[in-house]
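This is what each chain is made of:
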Amino acid sequence: MTQPIIKLEHITKSYGHGDGAVNVLQDLNLSIQQGEFTCIWGASGSGKSTLLNLMGLLDRPDQGRIAIKNAEVLGLNDNRLADFRSRHLGFIFQSFNLVPVLSAQENTMLPLQIRGEADDTARRRARDLLAELGLERHLHKRPDEMSGGQRQRVAIARALIGDPDIVLADEPTANLDSANSDAIILLMQKLNQKRKVTFVFATHDTHLLSYAARSIQVRDGRIVDDRHNTYLKEAS
Amino acid sequence: MSMSLAMRCKLAARNVMKNRRRSLVTVLSVAIGFLALSLFEGYFTYVYRILKDQAIVGERLGHLTVVRRGFFDQGTLDPEKFQLDAAALDLVTRTVRQVPGVKLVSPRLAVSGLVSNGTTSHIFIGEAISAEDQKALRGTEYAYLPGKLAPGQDDAAVIGQKMAKIMGLQQGSDGVLMASTLSGMVNAVDFRVGEIANTGSMGTDDKFALLPLALARKLYGSDGADRVVVVLDAVDSIPAVKPVLLEKLKAAGFDADIKEWSELSVYYTQVKGLFDMMYLFIMVVVVMVAMTSVVNTMTMAIAERTREIGTLRAIGMRSMTIKSLFVIEGVIIVFVGSLAGMALSYAIGAGINLAQITYSPPDSSEQAALVIELLFNNMFGSLFTLSVLAAVASYFPARHATQKTIVGALGHV
Ligand SMILES: Nc1ncnc2c1ncn2[C@@H]1O[C@H](COP(=O)(O)OP(=O)(O)O)[C@@H](O)[C@H]1O
Ligand SMILES: [Mg+2]
């Protein structure tokens, strides 16, 4: 078996201190393989976001080890972590989180510009990627001029533009209607297959499970089920 | 690896434009503050220039005053000891003339005593200068000023208007000047009122007398002077020329003490001190108001964009870059406000100058003009200072925001 791309070992995470502390994750172990299309699901409050935030290096665990692409990442300082995220991780958020003053194309360019890449390269790559996602007519629109589904596709473009190894999506469809939800998950699935990018998404919507190749159920901060499926629903 | 400055400026500018109304209020408050500051500074600049000319030409202080060391402290107690006799005066004059940058060397005598019209007498205090030197000192620019000594008329003195009134003297009247000579004898000389001129100051107008040097020498039994006033080609060269003068005089065997006009004009120093304090006070108030407005605007902008900050950090932007975005934003607002303030200053300054407003200053018997003299360098200095302060004022709220956890910032609604 190949080395996992994400490896969490004995992860403990709590919020608050003293008597008011809430233990969210207790001694959690999880490995994700390169190229997997994984759904983390469970009821609201079960700890999905906490888990994704740790995998995405947005937060640090109280105890345990995290390795991404075999690199022990918890020893990195905040700037190194930022650089690591910029090179290896992409993020998709529930509320899209596009920069309101930037157009679709400019939002998509942002991760490349953060890395210091030239503006014209970034612009060209963003245009090509947005065209690939069917947004060629919306390049110059600001987020408030686009629908939710369009915005989330721009967010997907932003997550993918830097050729990350892993894309993490916390409730990517929670702000979308069901038709748009399905379309977004199918798009992610298609990009996973085409680009071999590892996707991990969290949802409380069991309806989306049928799109995932692997589904991990979380309850009260523990993994209670972890199974591989053949896709029940697949992009054509 | 980090975002280009051009992109940072673009992002910052877009965010400034996004909150047009809020930005505009801040820009306006900065502009008005800048305007107030510039107008005061422009007015003070004018006043300083007038006072400076007043001291150099009006008070006849020239640029530098050369005396025998000790004169400034003890000259009044023992005038004879510090006098420059004909030989010393000649030595000083010749030495000073050789120094490059020196335009005029003018010997002087301080005079005081009693003036009499035959029936009553009254105290006089003044100075003696040669009519030629006075003319050279005034140049063409100030040739029109009243209180002129007439060349070749060595008995014609200028007296203050109030003094003339008290003594019942008119132009052409004869009188007698009395004083004690250097050797301590009482002496008297006849004089004629050459001109009656207001000194511009109520404190001096009733006792002022300006004598031709020859008349004063006769009165005091002197063949020299008590000091030598030096005028240079340019007032700016004082710091360069002064040490050279000291050195050359020393080499020539004359132990000199030299003071600049600003050290000798008590009035200038006092007025400038007062105005500088006023300016400082106004500046502190204006800067505080403007910066409070900037801090307020930036704190609101940052609070509103907490989630955006979290997002940018999540996708790999470093905290320092994020802080720089807000710093640039604050600087843009203040920079634009300052530019607007500068434009307003030029417009309103020109308006004030056109209106030819006059007022009467304290201790002055004449009307003074309210003129604004704007200096680009001063305004650029204000613009630069305000921009730096804006950067500081934006940095701290931004730093506070980036010290939050990313997860906390992302969860912020
Ligand atoms: N910042 C926080 N402070 C305190 N408790 C938190 C915080 N974030 C999450 N929690 C708690 O941790 C638990 C798991 O939350 P979360 O990971 O957001 O779950 P999910 O994403 O599955 O809804 C919940 O009980 C939640 O109340
Ligand atoms: Mg959640």
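Remember, predicted model here, so these are calculated numbers, not experimental data. (Residues numbered from 1 in each chain as written. Chains lettered and ligands numbered in written order. Predicted model: local features only at pLDDT ≥ 70, side-chain atom pairs only at ≥ 80, totals over all residues. Heavy atoms only, no water.)

## Digging into the overall build of chain A
Working step 1: Regarding its fold elements, chain A presents six helices and 10 strands.
Working step 2: Whereas a compact globule of 236 residues would reach a radius of gyration of roughly 18 Å, chain A reaches 18 Å, a difference of no more than 12%.
Working step 3: Projected onto the principal axes, the alpha-carbon positions of chain A cover approximately 50 × 40 × 40 Å.
Working step 4: A separation of at least 24 residues holds for 69% of the contacts in chain A among residues at least 6 apart in sequence.
Working step 5: For chain A, the accessible surface area stands at approximately 10100 Å², while carbon and sulfur atoms represent 45% of it.
Working step 6: Across chain A, the centroid of the 29 positively charged side chains sits 4 Å from that of the 29 negatively charged ones. (Helix = DSSP H or I, 4+ residues; strand = E, 2+ residues; numbered from the N terminus. Rg over C-alpha atoms; globule rule 2.2 N^0.38 Å. Contact = heavy atoms within 4.5 Å. Areas by Shrake-Rupley, 256 points an atom, 1.4 Å probe, with all protein chains shown as cover. Lys, Arg positive; Asp, Glu negative; His and termini not counted. Charge placed at Lys NZ, Arg CZ, Asp CG, Glu CD.)

## A closer look at the environment of Thr-50 of chain A
Residue and element names in this part refer to chain A.
Working step 1: Position of Thr-50 among the secondary structure elements: in helix α1 (residues 48-55).
Working step 2: What makes Thr-50 buried here is its relative accessible area of 7%.
Working step 3: With sequence-adjacent residues up to four places away left out, Thr-50 is seen in contact with Lys-13, Tyr-15, Val-24 and Leu-25.
Working step 4: Side-chain polar atoms of Thr-50 contact the side chain of Tyr-15, separated by 3.1 Å. (Buried < 20%, exposed > 50% of the residue type's maximum accessible area, 1.4 Å probe, protein only. Polar contact = N/O pair within 3.5 Å; in protein donor to acceptor, adjacent residues only side chain to side chain.)

## Section: the environment of His-138 of chain A
Residues and elements named next belong to chain A.
Working step 1: If you trace the backbone, His-138 turns up in the loop between α4 (119-132) and α5 (148-160).
Working step 2: For His-138, a relative accessible area of 9% translates into the label buried.
Working step 3: Spatially, the C-alpha atom of His-138 lies 8.3 Å from that of Gln-105, the residues being 33 residues apart in sequence.
Working step 4: Those residues in contact with His-138 that lie beyond four places of it in its chain are Ala-104, Met-146 and Gln-150.

## Remarks on the site of ligand 1
Residues and elements named next belong to chain A.
Working step 1: Taken together, the residues surrounding ligand 1 are Tyr-15, Val-24, Ala-43, Ser-44, Gly-45, Ser-46, Gly-47, Lys-48, Ser-49 and Thr-50.
Working step 2: One nitrogen or oxygen atom from the side chain of Ser-49 is found 2.7 Å from an oxygen atom belonging to ligand 1.
Working step 3: Within the side chain of Thr-50, one N or O atom sits 2.5 Å away from an oxygen atom of ligand 1.
Working step 4: In isolation ligand 1 exposes 560 Å². Once the protein is present, 57% of that is buried.
Working step 5: When residues in the shell around ligand 1 are grouped by element, the largest group, three residues, is from α1. (Near = heavy atom within 4 Å.)

## Here we look at the interface of chain A and chain B
Working step 1: Each side of the interface is counted separately: chain A has 30 residues, and chain B has 24 residues.
Working step 2: Taking both partners together, chain A and chain B bury about 2500 Å²; carbon and sulfur atoms supply 60% of that area.
Working step 3: On the chain A side of the contact with chain B, Leu-58, Val-101 and Ile-114 of chain A bury the most area, a combined 23% of that side's loss.
Working step 4: Counting across the chain A and chain B interface gives three salt bridges.
Working step 5: Note that Arg-318 of chain B is salt-bridged to Asp-83 of chain A, the shortest N-O span being 2.5 Å.
Working step 6: The interface formed by chain A and chain B contains nine residue pairs in polar contact (both at pLDDT 80 or more).
Working step 7: Those elements that provide at least two residues to the side of chain A that touches chain B are α2 (78-88), α3 (104-114) and α4 of chain A.
Working step 8: If one sorts the elements of the side of chain A that touches chain B by residue count, α2 of chain A sits on top with seven residues.
Working step 9: Per-class residue counts for the side of chain A that touches chain B are 11 nonpolar, eight polar and 11 charged. (Buried area = accessible area lost by both parts, 1.4 Å probe. Salt bridge = Lys/Arg side-chain N within 4 Å of Asp/Glu carboxyl O. Nonpolar A, V, L, I, M, F, W, Y, C, P; charged D, E, K, R; others polar.)

## Some thoughts on the environment of Ile-302 of chain B
Residue and element names in this part refer to chain B.
Working step 1: Take Ile-302: it is sitting in helix α11 (residues 266-304).
Working step 2: Taking the relative accessible area as the measure of exposure, Ile-302 reaches 5% and is therefore buried.
Working step 3: In the structure, Ile-302 is positioned 123 residues away from Ala-179 in sequence and 78 Å away in space, judged by C-alpha atoms.
Working step 4: Here Ile-302 is in contact with Ile-309, Phe-326, Ser-394, Pro-397, Ala-398 and Ala-401, once residues within four sequence places are set aside.

## Concerning the packing of helix α2 (residues 20-58) of chain B against α11 of chain B
Residues and elements named next belong to chain B.
Working step 1: Two numbers describe how α2 lies on α11: the axes approach to 10 Å, and their chain directions differ by 170°. The angle between the axes of α2 and α11 places the two elements in the roughly antiparallel class.
Working step 2: Within the contact of α2 with α11, the residues separate by chemical class into 23 nonpolar, five polar and six charged. (Axes fitted to C-alpha atoms, helices over the stretch in contact; angles between N-to-C directions. Parallel < 35°, antiparallel > 145°, perpendicular 65-115°, else oblique.)

## A few points about the sheet that holds strand β4 (residues 63-68) of chain A
Residue and element names in this part refer to chain A.
Working step 1: Taken in spatial order, the four strands line up as β2-β1-β4-β5 in an open sheet, and their pairing is antiparallel. Each end of this open sheet is capped by a strand with a single partner; those strands are β2 (22-32) and β5 (71-72).
Working step 2: Judged from the two bridges that link them, β4 and β5 form a sheet pairing that is antiparallel. By the bridge assignment for β5, Ile-68 is matched with Ala-71.
Working step 3: Taken strand by strand, α1 contacts β1 (6-15), β2 and β4, and its axis lies near 55° from that of β2. (Pairing = 2+ DSSP bridges.)

## Brief notes about the nonpolar core
General note: in soluble globular proteins, nonpolar side chains tend to be found buried as a group.
Working step 1: Of all hydrophobic cores here, the largest spans 77 residues; its most connected members are Leu-110 of chain A together with Val-66 and Val-102 of chain B.
Working step 2: Domain assignment of the residues forming this core places at least three in each of domain 1 (5-56 + 268-410) and domain 2 (60-264) of chain B.
Working step 3: In this structure, Cys-39, Met-109, Leu-139 and Leu-209 of chain A belong to the second largest nonpolar core, which totals 39 residues. (Core = buried A, V, L, I, M, F, W, Y, C linked by side-chain atoms within 4.5 Å. Domains from an automatic or database assignment.)

## Some details on the UniProt feature "domain: MacB-like periplasmic core" (unreviewed entry) in chain B
Working step 1: As annotated by UniProt and renumbered to match this structure, "domain: MacB-like periplasmic core" (unreviewed entry) occupies residues 23-242 of chain B.
Working step 2: Along residues 23-242 of chain B one finds 38% helix and 29% strand; the C-alpha atoms at either end are 52 Å apart. (UniProt positions renumbered as here; feature names shortened; annotations may be inferred.)

## Focus: the packing of aromatic side chains
Working step 1: Throughout the structure, instances matching the rule amount to 16 aromatic pairs over all chains.
Working step 2: Here Phe-37 of chain A and Phe-201 of chain A contribute two aromatic rings whose centre-to-centre distance is 5.5 Å and whose plane-to-plane angle is 50°, an arrangement assigned as tilted. Separated by 164 residues along the polypeptide, Phe-37 of chain A in strand β3 (residues 37-41) and Phe-201 of chain A in strand β8 (residues 198-203) bring together distant segments of the chain. Neither Phe-37 of chain A nor Phe-201 of chain A differs from the other in exposure class; each is buried.
Working step 3: Ring plane angle 35° and centroid distance 6.4 Å describe the contact between Tyr-142 of chain B and Tyr-144 of chain B, whose orientation is recorded as tilted.
Working step 4: Given the relative accessible area of 61%, Tyr-144 of chain B is considered exposed.
Working step 5: Ring-pair connections join several aromatic residues into one group, and the members of that group are Phe-40, Tyr-43, Phe-44, Tyr-48, Phe-275, Tyr-279 and Tyr-359 of chain B.
Working step 6: The positively charged end of Lys-259 of chain B is found above the aromatic ring belonging to Phe-72 of chain B, 4.6 Å away from the centroid. (Phe/Tyr/Trp six-rings, centres within 6.5 Å; stacked < 30°, edge-to-face > 60°. Lys NZ or Arg CZ within 6 Å of the ring centre and 35° of its normal.)

## A word on the domain arrangement of chain B
The figure often quoted for interface size is the accessible area lost as the parts come together.
Residue and element names in this part refer to chain B.
Working step 1: Domain boundaries assigned for chain B yield domain 1 (5-56 + 268-410) and domain 2 (60-264).
Working step 2: Put simply, the middle of domain 1 and the middle of domain 2, counted by C-alpha atoms, are 48 Å apart.
Working step 3: In this assembly, 10 residues from domain 1 lie in contact with 14 residues from domain 2.
Working step 4: Overall, the association of domain 1 and domain 2 removes approximately 1100 Å² of surface from exposure, summing both partners, and the carbon and sulfur fraction of that is 50%.
Working step 5: Run the count over domain 1 and domain 2 and you get six residue pairs in polar contact (both at pLDDT 80 or more).

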